[in-house]
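# Descriptive analysis of the structure
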Amino acid sequence: MRKPLMAGNWKMNKTVTEAVSVVKVLKSSIFDVTDVEVLICPAFTALYVVNSEVNGSNINIGAQNLFWEPKGAFTGEISSVMLKDIGCSYVLIGHSERRQYFNETDKSVNKKTKAALVAGLIPVICIGETFKEKEQSITFEAVEKQIKEGLVGLTPQQATIIVIAYEPVWAIGTGKIATPDQTQKLHIFIRKVYSQMYGYGVSQKIRILYGGSVNPTNVSDFMRQPDIDGCLAGGASLEVESFIKLVKYSK
Ligand code: 13P
């Protein structure tokens, strides 16, 4: 049985003060939620304080990126060891904005994934086709390549720990959503690729999230699909009331 995961990616938003005030409200509003795992991914600057705020609660903290080396002369970078040290349990890897603006590739995704796993962090690997790939009808090929190259060299045991976030790039921040139906097909396909790589058992264990213009109105339609195990929300996670609605989606 896969426990649903509702995650918020705050991207480059919120000062420390803003982050703390959101988390205080969130914590008291969802303290009784036990059937959904909750994750928020604040900016690096807010991670430490937000973690002290949620300590002992049912809210998990994740970073939005990391560098693959554990330490050293890499000005401006943050390692998996550092993230683990301040209480992160998850880390987003290969978000499409990082692929688009910061030249992330499946190769760097692979190195970062391995570093996260070694440090005991759960990688949330973001994949998804661009608008151009969708137009060229190569969605399945694009997604398959991202999985195969991003996960190269992982053991089945490591592959079981990973969370995949399927986020069609054209649906991010645009208000355009992939239909729950289309998304379900993609999630089945991702499990099929996983099954070829690591076996059927592993493919049934991993959680696959949907991301891209998820909001309180459409969340339940996604969550009703059998292979959608949660959502990764951007915009709708910034307002605490709307994120609470995502966490408490009606089943
Ligand atoms: P939106 O929910 O704003 O479309 O962003 C999705 C996303 O990129 C989550 O990582």
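Predicted, not measured: the structure shown is a model, and the values here were computed from it. (Residues numbered from 1 in each chain as written. Predicted model: local features only at pLDDT ≥ 70, side-chain atom pairs only at ≥ 80, totals over all residues. Heavy atoms only, no water.)

Around the ligand, 13 residues are found, and the nearest of them are Lys11, His95, Glu167, Gly173 and Ser213. Contact distances for the ligand include 2.8 Å between an oxygen atom and a side-chain N or O atom of Lys11. At a separation of 2.8 Å, an oxygen atom of the ligand approaches a polar side-chain atom of His95. Protein coverage of the free-state accessible area of the ligand, which is 310 Å², stands at 95%. (Near = heavy atom within 4 Å. Polar contact = N/O pair within 3.5 Å; in protein donor to acceptor, adjacent residues only side chain to side chain. Areas by Shrake-Rupley, 256 points an atom, 1.4 Å probe, with all protein chains shown as cover.)

Before going further, it helps to examine the packing of helix 1 (residues 16–30) against helix 2 (residues 44–54). Helix 2 packs onto helix 1 with a crossing angle of 25° between their chain directions and a minimal axis gap of 9 Å. In terms of their interaxial angle, helix 1 and helix 2 are classed as roughly parallel. Considering how the two elements wind past one another, helix 1 and helix 2 form a crossing that is right-handed. Contacts between helix 1 and helix 2 involve Val16, Ala19, Val20, Val23, Lys24 and Lys27 from the first element and Thr45, Ala46, Val49, Val50, Glu53 and Val54 from the second. By residue class, the composition of the contact of helix 1 with helix 2 is eight nonpolar, one polar and three charged. (Axes fitted to C-alpha atoms, helices over the stretch in contact; angles between N-to-C directions. Helix = DSSP H or I, 4+ residues; strand = E, 2+ residues; numbered from the N terminus. Parallel < 35°, antiparallel > 145°, perpendicular 65-115°, else oblique. Left-handed = near helix turned anticlockwise from the far one by under 90°. Contact = heavy atoms within 4.5 Å. Nonpolar A, V, L, I, M, F, W, Y, C, P; charged D, E, K, R; others polar.)

Side chains of a nonpolar character, in soluble globular proteins, are inclined to be buried together. The biggest cluster of nonpolar side chains holds 64 residues, and the ones touching the most others in it are Met6, Ile40, Ile164 and Tyr194. The element best represented in this core is helix 9 (residues 180–198), accounting for six residues. Those residues in contact with Met6 that sit more than four places away from it in its chain are Val36, Glu37, Val38, Leu39, Val219, Met223, Cys231, Phe243, Leu246, Val247 and Tyr249. Core analysis: the second largest hydrophobic core is formed by twelve residues, Ala7, Cys41, Leu92 and Leu209 among them. (Core = buried A, V, L, I, M, F, W, Y, C linked by side-chain atoms within 4.5 Å. Buried < 20%, exposed > 50% of the residue type's maximum accessible area, 1.4 Å probe, protein only.)

Now for the pairing of strand 2 (residues 37–41). It is a general feature of regular strands that their side chains alternate between the two faces of the sheet. Counted residue by residue, strand 2 has five buried out of five residues, so it is predominantly covered. Neither face of strand 2 is open: one carries Glu37, Leu39 and Cys41, the other Val38 and Ile40, and all of them are buried. In this sheet, strand 2 lies alongside strand 1 (residues 5–9) in parallel orientation, the contact comprising five bridges. Bridging across to strand 2, Gly8 finds its partner in Ile40. Running through helix 1, the crossover from strand 1 to the neighbouring parallel element strand 2 is right-handed. Once the chain exits strand 2 it traverses helix 2 before rejoining the sheet at strand 3 (residues 59–63), and the crossover so formed is right-handed. (Pairing = 2+ DSSP bridges. Right-handed = clockwise from strand over helix to strand, strands pointing away.)

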